[in-house]
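# Results of the structural survey
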Amino acid sequence: MDEAQFDTLTGRIDGIGQALLRVVSALEMQQLIDGHRISQEWRAARPEHLATDAQLQESRKVLHQLADLLDDARQARAARQE
C-alpha cells in the first residue's frame, strides 16, 4: 500500500468514525439510546487480554477513543445546559 492509498484509507475510517459518533450523539440527545451504556459496551468489546495481535490492539484503541469522544460530547452538552 502506497502513501496515497494509506491516506485514503485513513480518511475513510475517520469519516466512518465521525458519522457513527454523530448518529449515536443525535440518538442520545433524543433519548432513544443510552449513550453512557454504548460507551461502556465499546470499551468492553475488546478486552485487553483478548487483543492478542496488532489488528485487535488497534481495534481496541479505536473503540476506546470513540467511547471517550462520545463521553466528552455528552459532558460538553451537559455543561452548556447548566
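Here's a quick rundown of the structure. Residue numbering note: each chain is counted from 1, following its sequence as written. Whole-chain, interface and lining totals are the exception, using all residues; otherwise, since this is a predicted model, local features are given only for residues with pLDDT of at least 70 and side-chain atom pairs are given and counted only at 80 or more. Where side-chain values are given, they derive from all heavy atoms of the structure, hydrogens and water being excluded.

### Thoughts on the pattern of salt bridges
- Just to be clear on terms, a salt bridge is a Lys or Arg side-chain nitrogen sitting within 4 Å of an Asp or Glu carboxyl oxygen. On inspection of all chains with the given rule, the structure shows six salt bridges.
- Salt-bridge contacts for Asp71 lead to Arg74; the nearest nitrogen and oxygen are separated by 2.8 Å. Pair noted here: Asp71 and Arg74 are both in helix H3 (residues 54–81), with a separation of three residues, about one helical turn.
- With a 1.4 Å probe rolled over the protein chains alone, any residue whose accessible area is under 20% of its type maximum counts as buried; one over 50% counts as exposed, and the rest are partly exposed. Exposure remark for Asp71: the relative accessible area of 12% places this residue in the buried category.
- Among the ionic contacts, a cluster of salt bridges with common partners joins Glu28, Arg43, Asp68, Asp71, Arg74 and Arg77. Put simply, DSSP H or I for four residues or longer makes a helix, DSSP E for two residues or longer makes a strand, and each gets a number counted from the N terminus.

### Side note on the nonpolar core
- Formed by Leu21, Val24, Ile38, Trp42, Leu63, Leu66, Ala67 and Leu70, the largest nonpolar core amounts to eight residues.
- When residues of this core are traced back to their parent elements, those giving at least two are helix H1 (3–29), helix H2 (35–45) and H3.
- Looking at this core element by element, the count peaks at four residues for H3. Buried Ala, Val, Leu, Ile, Met, Phe, Trp, Tyr and Cys residues that are joined via side-chain atoms within 4.5 Å together make up what is termed a nonpolar core.

### Points about H3
- The length a helix should cover is 1.5 Å for every residue beyond the first. In this model H3 runs 41 Å from its N-terminal to its C-terminal C-alpha over 28 residues, within 8% of the 40 Å that 1.5 Å per residue would give.
- Within H3, the full set of buried residues consists of Leu63, Leu66, Ala67, Leu70, Asp71 and Arg77.
- In what follows, residue pairs with any heavy atoms lying within 4.5 Å of each other are defined as contacts. The elements touched by buried residues of H3 are H1 and H2.
- You can read the cap of H3 off the contacts: a side-chain oxygen lies 3.2 Å from the backbone nitrogen of Gln55, and it is on Asp53. Residues adjacent in sequence count toward polar contacts only when both atoms are side-chain atoms; beyond that, a polar contact is any pair of N or O atoms within 3.5 Å, and within protein one must be able to donate a hydrogen and the other to accept it.

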